[in-house]
Amino acid sequence: MRLYRFLTGPDNSSFCHKVTAALNKGWLLHGGPTYAYDTETQTMRCGQAVYKEVEGVDYTPDVKLGEY
């Protein structure tokens, strides 16, 4: 099964640490990062899609993606 997540965060080191942690847990980058201005908070936000192949698990909406 292929799991998919979209990581988001502020444009600072915490976002980079979030992506780095996912990569070190075996997640792979899916496409390039996104970068957008959040008018509500008046800050720049980053996003990155990641995916992971997992064997022996059946997908249900209850799957906690962050646990993989």
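The shown structure was predicted, so the numbers you read here are calculated from the model rather than taken from an experiment.

Definitions and limits used
- Residues numbered from 1 in each chain as written.
- Predicted model: local features only at pLDDT ≥ 70, side-chain atom pairs only at ≥ 80, totals over all residues.
- Heavy atoms only, no water.
- Helix = DSSP H or I, 4+ residues; strand = E, 2+ residues; numbered from the N terminus.
- Buried < 20%, exposed > 50% of the residue type's maximum accessible area, 1.4 Å probe, protein only.
- Contact = heavy atoms within 4.5 Å.
- Areas by Shrake-Rupley, 256 points an atom, 1.4 Å probe, with all protein chains shown as cover.
- Salt bridge = Lys/Arg side-chain N within 4 Å of Asp/Glu carboxyl O.

**Considering the overall build of the chain**
Secondary structure assignment for the chain yields 1 helix and 4 strands. Traced from its N-terminal end to its C-terminal end, the chain shows the element sequence β-α-β-β-β. Taken along the three principal axes of its C-alpha coordinates, the chain extends 45 × 25 × 20 Å. Within the chain, buried positions represent 24% of all 68 residues. Within the chain, counting contacts between residues at least 6 apart in sequence, those at least 24 apart form 58% of the total. Working note: accessible area of the chain is about 4800 Å², and carbon and sulfur atoms make up 53% of it.

**Concerning the pattern of salt bridges**
Summed over the entire model, instances satisfying the criterion amount to 1 salt bridge. Put simply, Glu53 and Arg2 hold a salt bridge, and the shortest N to O gap is 2.6 Å. Taken together, the positions of Glu53 in strand S4 (residues 43-53) and Arg2 in strand S1 (residues 2-10) put the pair 51 residues apart, joining distant regions of the chain. Arg2 gets classed as exposed once you look at its relative accessible area, which sits at 52%.

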